[in-house]
Amino acid sequence: MGWRRSGKRGGLGTVTGLLLRRVKATRAGAQGDDDYDVIVADGLVIARIFKSTPSPFVGTPWMWTLAYGDHQGRTPTHGYESTRQAAMQAFARSWYRET
């Protein structure tokens, strides 16, 4: 399972049908360059991965969270990791987990 990246400044990536797209700075709640939506191929946002400041856990600033409405039958629905790559992997494990 790997994330494909394209676009300017690494704004887009994929995990077997999932895309990582940098959030536009103008969106309410955007966390700057370290904020990404996880979308499916048809453009639906299913999750978010961002650098949380401050993080409730030392050494794990990257948060991933499922979008509201995509929580049914999935656990965990969010988590904190030390790097963006680790957050992407943790999200993918949760998303593809059998329900």
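Look a little higher up for the structure.
Residues numbered from 1 in each chain as written. Predicted model: local features only at pLDDT ≥ 70, side-chain atom pairs only at ≥ 80, totals over all residues. Heavy atoms only, no water.

(A) Highlighting the nonpolar core. In this structure, Val38, Ile46, Ile49, Trp64 and Phe91 are the most contacted members of the largest nonpolar core, which totals 15 residues. Going through the elements one at a time, strand E2 (18-22), strand E3 (35-40), strand E4 (45-51), strand E5 (62-66) and helix H1 (84-96) are the ones with two or more residues in this core. No other element matches H1, which puts 5 residues into this core. Beyond its immediate chain neighbours, meaning those up to four positions away, Phe91 contacts Leu18, Val38, Ile46, Ala47, Ile49, Trp64 and Leu66. (Core = buried A, V, L, I, M, F, W, Y, C linked by side-chain atoms within 4.5 Å. Buried < 20%, exposed > 50% of the residue type's maximum accessible area, 1.4 Å probe, protein only. Helix = DSSP H or I, 4+ residues; strand = E, 2+ residues; numbered from the N terminus. Contact = heavy atoms within 4.5 Å.)

(B) Here's a closer look at the environment of Thr75. Mapped onto the secondary structure, Thr75 falls in the loop between E5 and strand E6 (78-81). With 19 residues separating them along the chain, Thr75 and Ser94 place their C-alpha atoms 6.5 Å apart. Apart from residues no more than four positions distant in its own chain, Thr75 is found in contact with Ser94 and Arg97.

(C) Seen up close, the pattern of salt bridges. Inspection of every chain in the model, using the stated rule, returns 2 salt bridges. Ionic pairing is found between Asp37 and Arg21, a salt bridge with its closest N-O pair at 4.0 Å. Placement of the pair is Asp37 in strand E3 and Arg21 in strand E2, with a sequence separation of 16 residues. A residue is classified by how much of its surface remains accessible, and Asp37, at 6% relative accessible area, is buried. A salt bridge links Arg48 to Asp35, with the nearest nitrogen and oxygen atoms 2.8 Å apart. Here the residue Arg48 occupies a position in strand E4, and Asp35 occupies one in strand E3, the gap between them amounting to 13 residues. Residue class for Asp35 comes out buried when judged on its relative accessible area of 0%. (Salt bridge = Lys/Arg side-chain N within 4 Å of Asp/Glu carboxyl O.)

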